[in-house]
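These are the residues of each chain, in order.
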Amino acid sequence: MKTTLSFSTPSQLETESLVAVVLDQADPAQKEKNKDSKPQLRVDTSDAAVQAVATDLLASGEVTGKPFEVNLLHKPAGLKASRILLLSGGGAKKFSSYDLRRLAGAAVRTLKSRGIRSLAFVAPSSIPVEDAVRAIVEGAFVGNFDPDYYRSDRKDQKIDALTILTSGDKAALEKAVQEAQIVGESQNFTRDLVNEPSNRMTPTILAERAKKMSAEVGLKCEVYGADKIKELKMGAFWSVAQGSDEPPALIVMKYEPAGAAEKPVLGLVGKGITFDTGGISIKPADGMEKMKYDMAGGATMIGAMRAIALLKPKVKVIGIVCATENMPSGKAQKPGDVQIAMSGKSIEIINTDAEGRLVLADGLYYARQLGCTHLVDAATLTGAVVVALGYANAGLFANDDALYDRFSRALDKAGEKMWRLPLDDEYKDNIKSTIADIVNSGGRWGGAINAAMFLKEFAEETPWIHLDIAGTAWMEEQKPWIAKGPSGIALRSLVQFVKDFAD
Ligand code: BES
Ligand code: MN
Ligand code: ZN
């Protein structure tokens, strides 16, 4: 999608479709008191001609102003645009760039489904211009993605050209457009990887995609196989990989910009299970097909490294993806087996389906060996996090409050939602083993926390954040702003987090 800025007056722009945001100016407190009070709808722009074209419609009582309501007017009087899409954003008081990002996605999805190829989005005047531009561009890229690659009847409907109508410092806004485009494209790159089924996204193929991407953007990328994994004594990672005929891949991407300080070195570690059958503790057939997205954490790190390499923040970053299938076979590990992780800790395998924490244990430890001073991992780690938080928030864990605060600020800027869950010492009892240092499954209660407690054993003293994206990496339903399927969650926050380290 070609993305450009325009500083002309919205009404004077010739375009296939103009998009403007409608907000309800009514006082929310008054609304609470009087349920019958009417919305006070107004287009969020300073262009009087755009205001005027919507006046009658907005006063008609036919428009509610609820978020994502759309109204399309053709040949709008006084505008050079062929049509105008009025997109409601809800109450003006609460309206933020978080909402705007989603509205931009909704505009793209509404118009492309009608066969329209270009749009010009009027940046709402209530959001600071640079934030608005970033939100519109990121949201538009997210909305433009559809996972219908293998469908013969796919319509290939895409918006080809996006214009953002705004005013302000041209150079700063152009930088914002360029950066937001990199982020949006990288998020879609991740979604493409996640969308592939396991027969077309083996560990080897995932590694090839990471290599190809790295070559394109100038990252160092090494891919190691079973020999190196065994040589490094990654007994936890190998215990999962040993059951599969597909060779595993340890993917290591390094971003070392000239002029960056020796420290910090940020480590991004991703779970790359290209298919999770559960292994010998096999999963039920119902819904097992979804376990192709068990490499979403790894794909997120590959996409994040792409964005980082293109945005060029002055800070060192290492991306590590532990990629393997989790299969039952004559070579597969069995419940009761004891494995020795790279760190030397012994692990009693209670459930071979708790494999993500095994590969990450060695991934996190290896990142520290490579010199990482701060760690973030992302993984579709537990069904339990979905029970705890549903689909709206990813689970977030941290062993360091200062690092949590940093990440939390990045989440706000990136418009992603995650919720911190505890890591108190009390939970440590859940992963005690009789015959080894720890067990790999702490049982059902607090399952997401038990998994995080397990990982904490391998992050040790290094400041670390763990993102459990099992409930958020895949959209179960389509939304106005995003297709059903892979979401690309966490990428934007990770990239923001890394950028903030450089400033
Ligand atoms: N990949 C799954 C977690 C998952 C569940 C991801 C649902 C996406 C959607 C993970 O490897 C797993 O199987 N976890 C087990 C852990 C249990 C055996 C301790 C789980 O959550 O049931
Ligand atoms: Mn599993
Ligand atoms: Zn898994």
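Residues numbered from 1 in each chain as written. Chains lettered and ligands numbered in written order. Predicted model: local features only at pLDDT ≥ 70, side-chain atom pairs only at ≥ 80, totals over all residues. Heavy atoms only, no water.

### Things to note about the coordination of the manganese ion (ligand 2)
Ideal coordination angles are 109.5 degrees for a metal with four donors arranged tetrahedrally and 90 or 180 degrees for a metal with six donors arranged octahedrally.
Then, number 1: Those protein atoms acting as donors to the manganese ion (ligand 2) are Asp276 (OD), Asp353 (O), Asp353 (OD) and Glu355 (OE), and they sit at 2.0 to 2.2 Å.
Then, number 2: In this structure, the manganese ion (ligand 2) lies 3.2 Å from the zinc ion (ligand 3), and both are coordinated by Asp276. Separated by 77 residues along the polypeptide, Asp276 in strand β10 (residues 265–276) and Asp353 in the loop between β13 (346–348) and α10 (356–369) bring together distant segments of the chain. (Donors = N, O, S within 2.8 Å, 3.2 Å for Na, K, Ca; no water. Helix = DSSP H or I, 4+ residues; strand = E, 2+ residues; numbered from the N terminus.)

### Quick word on the site of ligand 1
Then, number 1: Lys283, Asp294, Asp353, Glu355 and Gly383 are the nearest of the 17 residues found near ligand 1.
Then, number 2: The side chain of Asp353 places a nitrogen or oxygen atom 2.8 Å from an oxygen atom of ligand 1.
Then, number 3: About the coverage of ligand 1: the protein hides 80% of its 520 Å² of free accessible area.
Then, number 4: A per-class count over the shell around ligand 1 returns 5 nonpolar, 5 polar and 7 charged. (Near = heavy atom within 4 Å. Polar contact = N/O pair within 3.5 Å; in protein donor to acceptor, adjacent residues only side chain to side chain. Areas by Shrake-Rupley, 256 points an atom, 1.4 Å probe, with all protein chains shown as cover. Nonpolar A, V, L, I, M, F, W, Y, C, P; charged D, E, K, R; others polar.)

### A few points about the side chain of Glu179
Then, number 1: Mapped onto the secondary structure, Glu179 falls in helix α5 (residues 170–195).
Then, number 2: One polar contact links Glu179 to Lys499, side chain to side chain, over a distance of 3.0 Å.
Then, number 3: Every residue in contact with Glu179, bar those within four places of it in the chain, is listed here: Arg134, Leu311 and Lys499. (Contact = heavy atoms within 4.5 Å.)

### Observations regarding the pairing of strand β11 (residues 316–326)
Then, number 1: In terms of residue burial, β11 counts as a mostly covered element, since 11 of its 11 residues are buried.
Then, number 2: Of the two faces of β11, the one lined by Lys316, Ile318, Ile320, Cys322, Thr324 and Asn326 and the one lined by Val317, Gly319, Val321, Ala323 and Glu325 are each fully buried.
Then, number 3: Sheet topology note: the strand β9 (residues 249–255)/β11 ladder contains 7 bridges and is antiparallel. What sits directly across from Met253, in β11, is Gly319.
Then, number 4: After leaving β10, the chain enters helix α9 (residues 296–311) and then returns to the sheet as β11, a path that is right-handed. (Buried < 20%, exposed > 50% of the residue type's maximum accessible area, 1.4 Å probe, protein only. Pairing = 2+ DSSP bridges. Right-handed = clockwise from strand over helix to strand, strands pointing away.)

### Description of the coordination of the zinc ion (ligand 3)
Then, number 1: Donor atoms from the polypeptide that bind the zinc ion (ligand 3) are Lys271 (NZ), Asp276 (OD), Asp294 (OD) and Glu355 (OE), placed at 2.0 to 2.4 Å.
Then, number 2: Taken together, the 6 donor atoms surrounding the zinc ion (ligand 3) define angles of 78 to 173° at the centre, an arrangement classified as octahedral. (Tetrahedral: all angles 85-135°; square planar, octahedral: opposite > 155°, others 65-115°.)

### Some points on the domain arrangement of the chain
Then, number 1: Entries for the chain in the domain assignment read domain 1 (2–168) and domain 2 (186–502).
Then, number 2: When each unit is reduced to the centre of its C-alpha atoms, the spacing between domain 1 and domain 2 is 36 Å.
Then, number 3: Tallying the contact residues gives 16 residues for domain 1 and 22 residues for domain 2.
Then, number 4: Considering only the surface of domain 1 that becomes buried against domain 2, Val142, Phe145 and Tyr150 emerge as the three largest contributors, covering 39% of it.
Then, number 5: Linking domain 1 with domain 2 are 1 salt bridge.
Then, number 6: The closest approach of N and O atoms between Glu138 and Arg492, which form a salt bridge, is 3.6 Å.
Then, number 7: Run the count over domain 1 and domain 2 and you get 5 residue pairs in polar contact (both at pLDDT 80 or more).
Then, number 8: Broken down by secondary-structure element, the contributors of at least two residues to the side of domain 1 that touches domain 2 are α3 (97–112) and α4 (129–143).
Then, number 9: The leading source of residues in the side of domain 1 that touches domain 2 is α3, at 6 residues.
Then, number 10: Residues of the side of domain 1 that touches domain 2, tallied by class, amount to 8 nonpolar, 2 polar and 6 charged. (Domains from an automatic or database assignment. Buried area = accessible area lost by both parts, 1.4 Å probe. Salt bridge = Lys/Arg side-chain N within 4 Å of Asp/Glu carboxyl O.)

### A few points about the sheet that holds strand β16 (residues 418–420)
Pairing between sheet strands relies on hydrogen bonds along the backbone, with the strands arranged either parallel or antiparallel.
Then, number 1: Sheet architecture is open: 8 strands sit in the order β8-β9-β11-β10-β14-β18-β15-β16, paired in mixed fashion. The strands lining the two open edges of the sheet, one partner per strand, are β8 (220–224) and β16. Neighbour to neighbour, the strand axes of the sheet diverge by 20° on average, direction disregarded.
Then, number 2: With 11 bridges joining them, β10 and β11 adopt parallel strand pairing. (Axes fitted to C-alpha atoms, helices over the stretch in contact; angles between N-to-C directions.)

### Focus: the packing of α10 against helix α13 (residues 447–459)
Then, number 1: Where α10 contacts α13, the two axes come as close as 8 Å, and the packing angle between them is 30°. Here α10 lies roughly parallel to α13, going by the angle between them. In the packing of α10 onto α13, the handedness of the crossing is right-handed. Of the residues in α13, those in contact with Arg357, Leu358, Leu360, Ala361, Leu364, Tyr365 and Arg368 of α10 are Asn450, Ala451, Phe454, Leu455, Phe458 and Ala459.
Then, number 2: Classifying every residue of the contact of α10 with α13 gives 10 nonpolar, 1 polar and 2 charged. (Parallel < 35°, antiparallel > 145°, perpendicular 65-115°, else oblique. Left-handed = near helix turned anticlockwise from the far one by under 90°.)

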